[in-house]
Amino acid sequence: MRSRAFLACAAAIALGVVSVPDVGPRAFAAESVTQRVPRTYTPTGTPVSGAPDGARATPLGPGDYLDHMADKDVKYYSVDVPLGYTVYVSGTTVSTVKGMESLELKQIDERSASCTTNIGLSQSQSKVVTASLDWGATATGKNNSCTKPGRQVFSATRKGTGPPVPLELRIFLEPPVVDKGPAESVIARYTEPGGAPVPVVGGGSFAEAATLSGSGHFTDDVAFGEWAFYRVRLDWGQSLALQARVGGGRGYAPTEIRLYNPVREELARESAAVFDTEHIFSGRPDSFATRPVRYLNRSDRQQEVADTLPGWYYIAVAVQGAGEQRSLSVDVSVGGTKEPGPGYAPDAQPPTTQSGGSAPSGKAAASRAPTTAFGEQPAGGDHGDESASSAFGGPAVWLGLPLALLLGAGLASWVIRRRAPEPPCD
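Residues numbered from 1 in each chain as written. Predicted model: local features only at pLDDT ≥ 70, side-chain atom pairs only at ≥ 80, totals over all residues. Heavy atoms only, no water.

**Q** How do you make sense of the packing of aromatic side chains when you look at a structure like this?
**A** Counted by the stated rule, this structure contains six aromatic pairs. Look at Tyr77 and Phe154: their rings are 5.4 Å apart centre to centre, the planes differ by 25°, and that puts the pair in the stacked class. Of this pair, Tyr77 sits in strand S4 (residues 74-81) while Phe154 is found in strand S9 (residues 150-159), placing the two residues 77 residues apart along the sequence. Through successive ring pairs, a cluster of aromatic residues spans Phe206, Trp227, Phe229, Tyr260 and Tyr314. Sitting over the ring of Trp312, Arg231 keeps its end group 3.7 Å from the ring centre. Residue placement shows Arg298 over the ring face of Tyr295; its charged tip is 3.7 Å from the ring centre. (Phe/Tyr/Trp six-rings, centres within 6.5 Å; stacked < 30°, edge-to-face > 60°. Helix = DSSP H or I, 4+ residues; strand = E, 2+ residues; numbered from the N terminus. Lys NZ or Arg CZ within 6 Å of the ring centre and 35° of its normal.)

Next up, the structure:
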């Protein structure tokens, strides 16, 4: 389910966010929507400054960070990864200057050789570009420098146009497990949730995403030139399937829908030109759906880290161009049954939220599970009722990260993701 380069680079460059899938539109009764100021974003995170080389890489612990990058900038950061832990690193840049924008995250070893690489790319006028990496500290010897425990270095490289842009970084540490829990299952199918439509107002960024309480029809409107973000909480054992309906209107509205997991990895997207009739987005070529969230989902190497983590799953809607607002309905189907989840090592150090400095090292007091979650509240947005959610298998939840987060509105971007140090498309 992870995002793949399902369109050629040439098509992405030529068309930006627009690709017209074979989804037949249906008649749409136009609604009157109130014009308003488009959503905006505010980059968030503890200010940091990346180093010019790996030897002096800026040490970071689990948390949210904010840097700035000019065109062709390369900055280096480090994180301490204890033996058995998995680290997740994500980066986001936002730009409104015409031209190509790319962000590359790369894990490098002590000899400055590339271990893993992930690239985000966009040619849209207003763009949100994301990239993400994850790797485990599994090596007990000295032969594999890419998976050794301790200090690990990663770099961020920006290629873009115009002035420096904000770079938002998020770092998570997941403890080792002693019981991986139930086996992976199959992709969920969308089921009509029923019920009356529920009005919501989407936020302009991940941090301000509107909370959708579960299964249901959630209605909003989206103005040209903005992103609208929504989020759905999934616990271990729960799955998500959805569709989005964008209303027709006067003119041509290039529209894009994306689905992200708790580490901001893009799972699926669909783009289409919406004209005078309602268009239904159901996720092509990858459906907007997950499997029941389970630790062992990561055993599917095609899936990577897609639906292996409980927490907030994000839905983003973007409309490009200029014209009247379009009505939106996000139709959500949450399935499955909550499960205890995996058993984390009893002597694992619980991840902690840090605003900079070095990552934790060594071991802390015994703790079966981490103490904070991907599902922790962000700084803004519609938070809803969180009390019923018990992610990560108990009242304690993990991954030391307040979800006051990064990223902001911009406009539809194409992201090309790779898990190998291949050169990006030109």
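Back to the write-up after that little detour.
**Q** Would you mind showing me how to read the state of the cysteines here?
**A** Disulfides are covalent bonds that link the sulfur atoms of two cysteine residues. Tallying each qualifying case throughout the model produces one disulfide. Bridging Cys115 to Cys146, the disulfide has an S-S length of 2.0 Å. The disulfide joining Cys115 to Cys146 has a torsion of about -85° about its S-S bond and is therefore left-handed. Of the two residues, Cys115 is situated in strand S7 (residues 114-122) and Cys146 in the loop between strand S8 (127-136) and S9; the sequence distance between them amounts to 31 residues. (Disulfide = S-S within 2.5 Å.)

**Q** What is the right way to read the sheet that holds strand S19 (residues 279-281) from this model?
**A** Sheet strands pair via backbone hydrogen bonds, and the direction of the pair is either parallel or antiparallel. Ordered by their spatial adjacency, five strands build an open sheet running S12-S14-S21-S16-S19, and the pairing between neighbours is mixed. Across the chains shown, the open sheet's two edge strands, defined by having one partner strand only, are strand S12 (198-199) and S19. (Pairing = 2+ DSSP bridges.)

**Q** Even after reading the chapter, I still don't get the sheet that holds S9, so can you show me in this structure?
**A** As summarised here, the arrangement of the five strands in space is S2-S4-S9-S6-S7, forming an open sheet in which the pairing is mixed. The two strands at the open ends of the sheet, each matched to only one other strand, are strand S2 (58-59) and S7. Pairing between strand S6 (residues 101-108) and S7: eight bridges, direction antiparallel. Looking at the pairing, Ser102 lines up with Leu121 of S7.

**Q** Help me out: how do you make sense of unusual backbone geometry in this one?
**A** As a rule of thumb, non-glycine residues mostly have phi less than zero, and peptide bonds are mostly trans rather than cis. At Lys72, a position not held by glycine, the phi torsion is positive, near 70°. When you line up the elements, Lys72 lands in the loop between strand S3 (63-69) and S4.

**Q** For this particular structure, what's the right way to read the pattern of salt bridges?
**A** In a structure, side chains of opposite charge can pair up when their charged atoms sit close to one another. A complete count under the given rule lists 21 salt bridges for this structure. The salt bridge partner of Glu184 is Arg291, with a shortest N-O separation of 2.9 Å. With a gap of 107 residues between them, Glu184 in the loop between strand S11 (177-179) and S12 and Arg291 in the loop between S19 and strand S20 (311-319) connect regions that are remote in the sequence. Taking relative accessible area as the criterion, Arg291 reaches 3% and is therefore assigned buried. (Salt bridge = Lys/Arg side-chain N within 4 Å of Asp/Glu carboxyl O. Buried < 20%, exposed > 50% of the residue type's maximum accessible area, 1.4 Å probe, protein only.)

**Q** Where do I start with the nonpolar core in this structure?
**A** Grouped together as the largest cluster of nonpolar side chains are 36 residues, with contacts concentrated most on Leu212, Tyr230, Leu240, Phe281, Ile315 and Leu328. Secondary structure elements with two or more residues in this core: strand S14 (216-222), strand S15 (226-234), strand S16 (238-246), strand S17 (253-260), strand S18 (266-274), S20 and strand S21 (326-336). Listed in part, the 25 residues of the second largest apolar core include Tyr65, Val89, Leu173 and Ala345. (Core = buried A, V, L, I, M, F, W, Y, C linked by side-chain atoms within 4.5 Å.)

**Q** Would you take a moment to explain the environment of Pro310 for this structure?
**A** Its place among the elements puts Pro310 in the loop between S19 and S20. Counting along the chain gives 18 residues from Pro310 to Pro292, while the straight-line C-alpha distance between them is 9.6 Å.

**Q** Explanation requested: the pairing of S6 in the structure shown.
**A** Taken residue by residue, a regular strand's side chains alternate between the two faces of the sheet. Most of S6 sits out of view: seven of its eight residues are buried. The antiparallel hairpin formed by S6 and S7 contains five residues in its connecting segment, where Ser112 sits at a positive phi of about 70°. The pairing of S6 with S9 spans seven bridges and is antiparallel. Each bridged residue has a counterpart across the sheet, and for Lys106 the counterpart in S9 is Ser155.

**Q** What is the right way to look at the side chain of Glu256 in this model?
**A** Within the secondary structure layout, Glu256 lies in strand S17. On the basis of relative accessibility, which here comes to 0%, the residue Glu256 falls in the buried class. Within the structure, Glu256 has its side chain in polar contact with the side chain of Arg258 (distance 3.0 Å). A polar contact of 3.3 Å, which involves the side chain of Glu256, links it to the side chain of Arg269. (Polar contact = N/O pair within 3.5 Å; in protein donor to acceptor, adjacent residues only side chain to side chain.)

**Q** I'm lost on the environment of Gln152 in this one. Help?
**A** Along the chain, Gln152 turns up in strand S9. We classify Gln152 as buried; its relative accessible area is 1%. With 98 residues separating them in the primary sequence, Gln152 and Gly54 have C-alpha atoms 9.6 Å apart. Not counting chain neighbours up to four residues away, the residues in contact with Gln152 comprise Tyr77, Ser78, Val79, Val81, Gln107, Ile108, Trp135, Ser145, Cys146 and Thr147. Here Ser145 takes part through its backbone oxygen, which lies 3.3 Å from a polar atom of the side chain of Gln152. (Contact = heavy atoms within 4.5 Å.)

**Q** Would you take a moment to explain the pairing of strand S5 (residues 86-95) for this structure?
**A** Here S5 lies mainly inside the structure; ten of its ten residues are buried. Across the two faces of S5 the burial is the same, with Thr86, Tyr88, Ser90, Thr92 and Val94 and Val87, Val89, Gly91, Thr93 and Ser95 all buried. For S5 and S8, the ladder comprises ten bridges, and the chain directions are antiparallel. Residue pairing across strands places Ser90 opposite Ser132, the latter belonging to S8. Note: S5 against strand S10 (residues 165-174), eight bridges, orientation antiparallel. Among the inter-strand pairings, Val87 is bridged to a residue of S10, identified as Leu173.

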